[in-house]
Structures are given as structure tokens and as C-alpha cells.
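A look at the structure
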Amino acid sequence: MVSKIYLIRHGITEGNQKKWFYGAADLPLAEEGVAALREAAAAGLYPQIAEDADCYTTGLLRTEQTFELIFGKRD
């Protein structure tokens, strides 16, 4: 069995743009972040993963949004 781990940083938030230190604050993606993720995903910059692959996020809104924009809605 081969296992792979992919680490993907969340998309741009208002906190990133304004250089805030916000750590665990649950900020959503900025529109620029959404657009950049859509463009990168359409260009094939992210790995293809199986529909039944085990995937984990921090559970914060920005990481959930990032995952869904890249890999689609999954349960």
C-alpha cells in the first residue's frame, strides 16, 4: 500500500491581504482567493485524488472553502 500526503495552504483571506495576525479566527476566503483557487484548479495545479480518499482540513471556513473549490463537495 502506498500512502501520499498533500499539504495545501488555504486561499487568500482579508487577513492575508491586510497582514493581520489572526491565527484561529475563522475568516472566509476573499474574492481574490476564490478566483485564484478556481484558476489554479482549472490549470491542473493540484493533485487528483480518489473520491474515497481520506481527506482532512482544520475545519475552519477558509480551509473548507479551499478544499471544496479544489476538489469539489465531498462527504
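Glancing now at the side chain of T66. Structurally, T66 can be placed in helix α3 (residues 61-71). A relative accessible area of 4% places T66 in the buried class.

For the rest of this paragraph, the subject is the pattern of salt bridges. Counting across every chain of the model gives three salt bridges. Between E14 and K18 there is a salt bridge; the shortest N-O distance is 2.7 Å. By relative accessible area, E14 is classed as partly exposed at 36%.

Any two packed helices are characterised by how steeply their axes cross, that is the angle between the axes, and by the distance between the axes. Where helix α2 (residues 31-42) meets α3, the closest approach of the two axes is 9 Å, and the angle between their N-to-C directions is 30°. If you check the angle between α2 and α3, you find them roughly parallel. For the element pair α2 and α3, the recorded crossing hand is right-handed. Together, V34, L37, R38 and A41 of α2 and T66, L69 and I70 of α3 make up the contact between the two elements. Residue composition of the contact of α2 with α3, by class: five nonpolar, one polar and one charged.

Below, the discussion takes up the packing of aromatic side chains. This model, assessed by the stated rule, comprises one aromatic pair. Taken together, a centroid distance of 5.1 Å and an interplanar angle of 45° make the contact between F67 and F71 tilted. Taken together, the positions of F67 and F71, both in helix α3 and four residues apart, correspond to about one turn of that helix. Note on F67: relative accessible area 17%, which makes it buried.

The rules behind the values
Residue numbers run consecutively from 1 along every chain, following the written order of its sequence. Reporting in this predicted model follows two pLDDT cut-offs: at least 70 for local features of residues, and 80 or more for side-chain atom pairs to be given and counted; totals over whole chains, interfaces and linings ignore these cut-offs and use all residues. Side-chain numbers here rest on the full set of heavy atoms in the structure, without hydrogens or water. Secondary structure follows DSSP: runs of H or I at least 4 residues long count as helices, runs of E at least 2 residues long count as strands, and numbering of each begins at the N terminus. Partly exposed residues are those whose accessible area sits between 20% and 50% of the maximum for their type, while under 20% is buried and over 50% is exposed, using a 1.4 Å probe and protein chains only. What makes a salt bridge here is a side-chain nitrogen of Lys or Arg within 4 Å of a carboxyl oxygen of Asp or Glu, nothing more. Here the axes come from fitting lines to C-alpha atoms, over the contacting stretch only for helices, and the angles between their N-to-C directions go from 0 to 180 degrees. By the definition adopted for this analysis, an angle is roughly parallel if under 35 degrees, roughly antiparallel if over 145, roughly perpendicular if from 65 to 115, and oblique otherwise. Crossings are assigned a handedness: left-handed for a near helix turned anticlockwise from the far helix by less than a right angle, right-handed for a clockwise turn. We call two residues in contact when some of their heavy atoms are within 4.5 Å. Classes in brief: Ala, Val, Leu, Ile, Met, Phe, Trp, Tyr, Cys and Pro nonpolar; Asp, Glu, Lys and Arg charged; the others, Gly included, polar. Stacked, edge-to-face and tilted are the three classes for Phe, Tyr and Trp ring pairs, Trp counted by its six-membered ring, which pair at centre distances within 6.5 Å; planes under 30 degrees apart are stacked, over 60 edge-to-face, the rest tilted.

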